[in-house]
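So you can see what is in the structure, the chains are spelled out below.
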Amino acid sequence: QVQLAESGGGLVQAGGSLRLSCAASGRTFNTYNTYTMAWFRQAPGKERVIVARISWRGGSTYYPDSVKGRFTISRDNAKNTVDLQMNSLKPEDTAVYYCAAKPQFTGDYDYWGQGTQVTVSS
């Protein structure tokens, strides 16, 4: 019902920036688009963790302490895109990053992108 396509990953020097993008499509999303969107990451040998979340209208966001002040999530519902601006990147930010979607008020993160690698060199 919802398909997510990611782009923007790559290699960056510590202190640099990257912008990840996720394009959402599908009949359900396009018709209702009342989905909470989020970005997760998973580093080698570690559990997948959330790094940013945004409500369907963009009025509410969440960031864990590990990225607060450095990462910014945004969405453009007219374009069905969700972005993650990452600044002041650190080597510990190295991970596979995933975008995910869930209904705003019910359900869980049932829809995921394929993942994109972010590598931050020291």
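Residues numbered from 1 in each chain as written. Predicted model: local features only at pLDDT ≥ 70, side-chain atom pairs only at ≥ 80, totals over all residues. Heavy atoms only, no water.

Caption draft 1: The overall build of the protein, seen in detail. When you go through the protein residue by residue, the secondary structure sums to 1 helix and 11 strands. When its helices and strands are written in sequence order, the protein yields β-β-β-α-β-β-β-β-β-β-β-β. The C-alpha radius of gyration of the protein comes to 14 Å, within 12% of the 14 Å expected for a compact globule of 122 residues. Per-residue burial over the protein gives 45% buried out of 122 residues. Across the protein, every contact between residues at least 6 apart in sequence was considered, and the portion connecting residues at least 24 apart equals 54%. (Helix = DSSP H or I, 4+ residues; strand = E, 2+ residues; numbered from the N terminus. Rg over C-alpha atoms; globule rule 2.2 N^0.38 Å. Buried < 20%, exposed > 50% of the residue type's maximum accessible area, 1.4 Å probe, protein only. Contact = heavy atoms within 4.5 Å.)

Caption draft 2: Molecular detail of the pattern of salt bridges. Counting across every chain of the model gives 4 salt bridges. With a closest N to O distance of 3.1 Å, D83 and R19 form a salt bridge. One end of the pair, D83, is in strand β8 (residues 81-86); the other, R19, is in strand β3 (residues 18-25), with 64 residues separating them in the sequence. D93 serves as the salt-bridge partner of R70, at 2.7 Å between the closest nitrogen and oxygen. (Salt bridge = Lys/Arg side-chain N within 4 Å of Asp/Glu carboxyl O.)

Caption draft 3: How the structure looks around the state of the cysteines. The full count for this structure, using the stated rule, is 1 disulfide. Residue pairing for C22: its cysteine sulfur links by disulfide to C99, the two sulfurs lying 2.1 Å apart. The chirality of the disulfide connecting C22 with C99 is right-handed, given an S-S dihedral of about 55°. Of this pair, C22 sits in strand β3 while C99 sits in strand β9 (residues 95-103); the two residues are 77 residues apart in sequence, bridging distant segments of the chain. Exposure class is identical for C22 and C99. Each is buried. (Disulfide = S-S within 2.5 Å.)

Caption draft 4: Fine view of the nonpolar core. Counting 30 residues, the largest nonpolar core has L4, W39, F71, L84, M86 and Y97 as the members making the most contacts within it. For this core, the secondary-structure elements that each account for two or more residues are β3, β4 (35-42), β5 (49-54), β7 (71-76), β8, β9 and β11 (116-121). In this view, F71 contacts R41, V51, Y63, L84, Q85, M86, N87, L89, D93 and Y97; residues no more than four positions away in its chain are not counted. The next biggest cluster of nonpolar side chains, apart from the first, holds 5 residues, and it includes A38, F40, A100 and Y109. (Core = buried A, V, L, I, M, F, W, Y, C linked by side-chain atoms within 4.5 Å.)

Caption draft 5: Region of interest: the environment of L4. Along the chain, the position of L4 falls in strand β1 (residues 3-7). Taking relative accessible area as the criterion, L4 reaches 10% and is therefore assigned buried. Considered as a pair, L4 and R27 are 23 residues apart in the sequence and their alpha carbons are 13 Å apart. Here L4 is in contact with C22, A23, A24, M37, C99, A100, A101, Y111, W112, G113 and Q114, once residues within four sequence places are set aside.

Caption draft 6: Inspection of the side chain of T36 at higher detail. Counting through the fold element by element, T36 comes out in strand β4. For T36, a relative accessible area of 5% corresponds to the buried category. In this structure the side chain of T36 is engaged in a polar contact, spanning 2.7 Å, whose partner is the side chain of Q104. (Polar contact = N/O pair within 3.5 Å; in protein donor to acceptor, adjacent residues only side chain to side chain.)

Keep in mind these numbers describe shape, not what the thing actually does.
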